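# Chain and residue survey
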Amino acid sequence: MWMEPKEISKLMYEKCLKDDQETFWSLITDPEWAFNYCRYIKDRPEVYKNITESEWAYHYCKNVKSLVITNVYKNITDSKWSFYYCKDVIDRPEVYKHIIKPKWAYIYCRLVKDRPEVYKYIIDPGWAYNYCKNVGNKPEVRKYIGE
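A brief look at the structure comes next. (Residues numbered from 1 in each chain as written. Predicted model: local features only at pLDDT ≥ 70, side-chain atom pairs only at ≥ 80, totals over all residues. Heavy atoms only, no water.)

Here we come to the packing of helix 6 (residues 79-88) against helix 8 (residues 102-111). Helices that pack against each other are described as a pair by the angle of their axes relative to one another and the distance between those axes. One can describe the packing of helix 6 onto helix 8 by two numbers: an axis separation of 9 Å at closest approach and a directional angle of 10°. Here helix 6 is positioned roughly parallel relative to helix 8, judged by the angle of their axes. Contacts between helix 6 and helix 8 involve Ser 79, Lys 80, Phe 83, Tyr 84 and Cys 86 on the former and, on the latter, Trp 104, Ile 107, Tyr 108 and Leu 111. Its residues placed into classes, the contact of helix 6 with helix 8 shows seven nonpolar, one polar and one charged. (Axes fitted to C-alpha atoms, helices over the stretch in contact; angles between N-to-C directions. Helix = DSSP H or I, 4+ residues; strand = E, 2+ residues; numbered from the N terminus. Parallel < 35°, antiparallel > 145°, perpendicular 65-115°, else oblique. Contact = heavy atoms within 4.5 Å. Nonpolar A, V, L, I, M, F, W, Y, C, P; charged D, E, K, R; others polar.)

Put into structure tokens, the structure is as follows:
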């Protein structure tokens, strides 16, 4: 019988609820499990503090709570997930400063906002060419095409 993650998580929660809640929450240390718990069961500070990986922090901010109160967004430090956070949740300097890979810098500048703080990382000839062709023909980026 196929069960959705929400149903499985709920069954686990109900089974463990009969024991000690504090012990149960302290067992949720994996970022993915913490995200699923907060999304499908209940959003608790004791649990969301364990969402420490970029991917799950992004999913938490997008699907559970994007409020600054939780500070989960501060755990988004990967270029890819920083881009997605800025595109899907909110474009914040604390997050877009982590977009340092040429591919994600180009995609950010094309789809979110063309910022000097981000396009300075477009140093790969291929991504520099795409940037100049599709976003803006800036000399700071164009100089990397000929290399």
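That was the structure; now back to the text.
Now for helix 5 (residues 54-63). Among all positions in helix 5, only Ser 54, Trp 56, Ala 57, Tyr 58, Tyr 60 and Cys 61 are buried. The inward-facing, buried residues of helix 5 contact helix 3 (31-40), helix 4 (45-48) and helix 6. (Buried < 20%, exposed > 50% of the residue type's maximum accessible area, 1.4 Å probe, protein only.)

Once that is clear, we can look at a negative patch on the surface. A contiguous patch of negative charge, built from Asp 30, Glu 32, Glu 53 and Glu 55, is present on the exposed surface. Examined against the element boundaries, Glu 32 turns out to sit in helix 3. With relative accessibility at 36%, the residue Glu 32 sits in the partly exposed group. (Patch = residues over 30% accessible without salt bridge, like charges linked within 9 Å, V, L, I, M, F, W, Y side chains within 5 Å. Areas by Shrake-Rupley, 256 points an atom, 1.4 Å probe, with all protein chains shown as cover. Salt bridge = Lys/Arg side-chain N within 4 Å of Asp/Glu carboxyl O. Lys, Arg positive; Asp, Glu negative; His and termini not counted. Charge placed at Lys NZ, Arg CZ, Asp CG, Glu CD.)

The nonpolar side chains of soluble globular proteins are, as a tendency, buried together. Judged by nonpolar contacts, the single largest core of 37 residues is most densely connected at Ile 51, Tyr 60, Ile 76, Ile 99, Tyr 108, Ile 122 and Tyr 131. Those elements giving two or more residues to this core turn out to be helix 3, helix 4, helix 5, helix 6, helix 7 (93-96), helix 8, helix 9 (116-119) and helix 10 (125-134). Of all the elements, helix 8 adds the most residues to this core, at six residues. In this structure, Tyr 131 is in contact with Tyr 106, Cys 109, Asp 114, Tyr 119, Ile 122, Gly 136, Lys 138 and Val 141, ignoring residues within four places of it in sequence. (Core = buried A, V, L, I, M, F, W, Y, C linked by side-chain atoms within 4.5 Å.)

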